[in-house]
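Survey of secondary and tertiary structure
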Amino acid sequence: MPYRILHIADVHLDMAFAGAGTALGRIHRKELEAAFERALGLAKERRVDALCIAGDLYEDGRAGSDRAAYLRDVLGDLAPIRVFISPGNHDPHTPASMYERMGDAPDNVTIFGRRRFASATLAEGLTLWGFGHEHGIDRDPAIGDFTCEGPGTHLLLFHGSDRDHMPPDKDGVAPFSGAEIERTGAAYAMVGHFHGMLQAPRYAYPGSLEPHTVAQDGRHTVSLVTIQDGRVSADFIDINRVRYVDVDIDITHYGYQAELARAVDERLATATEGDGATYCRVRLGGLAQDSLDLDAASLEDDLAERFPGTRIVDGSAAVDLDAAAREGPTVRAHFVRSMRDRIAAAPVTERPLLEDALRYGMLAFARKSIPA
Ligand SMILES: [Mn+2]
């Protein structure tokens, strides 16, 4: 009989979504809860033997006071499916943590609450080893000199950073390498922390259930891990219903803001078609016509009504500096050339100020507004 595990990670229930605003933050938190419940539903539907949660199930300090009761209920409800949890850096097993507040966890739930590997027997000849983070930022090695003891097949479950695949801007917590996993004698490790799916020969990150930002453009999956006769295989099932997409708009074609707004609206209507929630990052590029007085902040506000969560990144140019510099003996041409000379000669620290002066000066020549 094969033993089957649903491996999930980085649910991040109750995430703050700082910057999204109150209403949108609440929508995003509901999306995360819905994704978690889809994953639980899948565990039942596929009749797995165990659900393994590789950390960051919720966000400590953000969760409401009834979250512990919720988890006790939905995880207990999975029985006879067993549930194994390895707390991560966002849901560390501290004395005040929700894992403690859960009190007596349901019989089918095991929390690996200590920062050293402990074992649980899954089936005859099949052992799971897991550990939990006990404080927020834990940079100690995940594995060190740990080795799996005993006969049979061994699996690992933990939250940590694969040193060989560190994404930029990611906290390096509980670092490990593929070679270290091999050295433990484990056949496979189920890990969490990276929010895009990553499959390596002996371990995998399924990714967060949903992307949380436009930068999290990898796959967001749950992993179905099958162990048979000591061999481990993993399938990945895309679970996310949230998408972040980039919409690129060349503003060169639009003579006034209302015309541009209409065009962006049409593009967003197309981009957000289909099931699930789509959040767009609109990247404005190109060179504004003389008549266009672009106010990207108000454009973003207007779009947010029909397309919540839309972000505008204005990479367009309000005026054509090269053309102005070449236009002959005008005040504007002289201004561009002399400001460019001064910027080139200035210390690096003074350049941003001079660049602003050049930009604002050119906006004044064009009778355009200073962007908010
Ligand atoms: Mn994490």
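An account of the accompanying structure is given in this report. (Residues numbered from 1 in each chain as written. Predicted model: local features only at pLDDT ≥ 70, side-chain atom pairs only at ≥ 80, totals over all residues. Heavy atoms only, no water.)

On a plain count of helices and strands, the protein chain comes out with nine helices and 15 strands. Reported as C-alpha extents along the three principal axes, the dimensions of the protein chain are approximately 90 × 45 × 40 Å. Every one of the 372 residues in the protein chain was classed for burial, and the buried ones make up 48%. For the protein chain, long-range pairs separated by at least 24 residues make up 69% of all intrachain contacts whose partners lie at least 6 apart in sequence. Side-chain charges in the protein chain split into 40 positive and 57 negative, and the spacing between the mean points of these groups amounts to 1 Å. (Helix = DSSP H or I, 4+ residues; strand = E, 2+ residues; numbered from the N terminus. Buried < 20%, exposed > 50% of the residue type's maximum accessible area, 1.4 Å probe, protein only. Contact = heavy atoms within 4.5 Å. Lys, Arg positive; Asp, Glu negative; His and termini not counted. Charge placed at Lys NZ, Arg CZ, Asp CG, Glu CD.)

With that settled, consider the sheet that holds strand E11 (residues 221–228). Within the open sheet, the six strands sit side by side as E4-E3-E2-E1-E11-E12. Their pairing is mixed. Each edge of the open sheet is held by one strand with a lone partner, namely strand E4 (109–111) and strand E12 (231–238). Between one strand axis and the next, the sheet turns through 20° on average, direction left out of account. Its contacts with the sheet put helix H1 (residues 22–45) on strand E1 (3–8), strand E2 (50–53), E11 and E12, and the angle it makes with E1 is roughly 175°. (Pairing = 2+ DSSP bridges. Axes fitted to C-alpha atoms, helices over the stretch in contact; angles between N-to-C directions.)

This paragraph deals with the sheet that holds strand E14 (residues 277–285). The parallel open sheet is built from three strands, whose spatial order is E13-E14-E15. Two strands lie at the open edges of the sheet, namely strand E13 (242–250) and strand E15 (311–314), each paired on one side alone. For this sheet the average axis-to-axis angle between neighbouring strands, irrespective of direction, equals 20°. Bridge analysis of E14 against E15 gives four bridges, and the strand direction is parallel. Directly across from Arg281, in E15, lies its bridge partner Arg311. Sheet strands in contact with H1 are E13 and E14, and its direction is about 130° off that of E14.

What follows concerns the side chain of Thr153. The residue Thr153 is located in strand E7 (residues 153–159) in this model. Among all residues touching Thr153, those that are not within four sequence positions of it are Gly125, Leu126, Thr127, Ala187, Ile227 and Gly230.

Protein-derived ligands of the manganese ion are Asp56 (OD), Asn89 (OD1), His159 (NE2) and His193 (ND1), with the metal-ligand distances lying across 2.1 to 2.4 Å. Each donor residue of the manganese ion lies on the same chain, and together they follow the pattern D-x32-N-x69-H-x33-H. With Asp56 in the loop between E2 and helix H2 (67–76) and Asn89 in the loop between strand E3 (82–85) and helix H3 (98–101), the pair connects residues that are 33 residues apart, well separated along the chain. Its relative accessible area of 0% is what places Asp56 among the buried residues. On the accessibility criterion, Asn89 (9% relative accessible area) is buried. (Donors = N, O, S within 2.8 Å, 3.2 Å for Na, K, Ca; no water.)

Right, let's get into the packing of aromatic side chains. The final tally for this structure, using the stated rule, is 14 aromatic pairs. Arranged with centres 5.1 Å apart and planes meeting at 85°, the rings of Phe158 and Phe176 form a pair that is edge-to-face. Linking Phe158 in strand E7 with Phe176 in the loop between E7 and helix H4 (178–184), this pair joins segments that are 18 residues apart in sequence. On the accessibility criterion, Phe158 (0% relative accessible area) is buried. An aromatic cluster of at least three residues, connected via ring pairs, comprises Phe117, Trp129, Phe131, Phe146, Phe158, Phe176, Phe194, Tyr203 and Tyr205. Across from the ring centre of Tyr70, 4.7 Å away, lies the NZ or CZ of Arg67, which sits over that ring. (Phe/Tyr/Trp six-rings, centres within 6.5 Å; stacked < 30°, edge-to-face > 60°. Lys NZ or Arg CZ within 6 Å of the ring centre and 35° of its normal.)

Where helix H5 (residues 257–271) contacts helix H6 (residues 296–306), the two axes come as close as 11 Å, and the packing angle between them is 40°. Accordingly, the angle class assigned to the pair H5 and H6 is oblique. H6 is crossed by H5, and the crossing has right-handed handedness. Where H5 abuts H6, its residues Gln257, Leu260, Ala261, Val264, Asp265, Leu268 and Ala269 lie against Ser298, Leu299, Leu303 and Arg306. Residues of the contact of H5 with H6, tallied by class, amount to seven nonpolar, two polar and two charged. (Parallel < 35°, antiparallel > 145°, perpendicular 65-115°, else oblique. Left-handed = near helix turned anticlockwise from the far one by under 90°. Nonpolar A, V, L, I, M, F, W, Y, C, P; charged D, E, K, R; others polar.)

Just distances and angles here, no functional claims.
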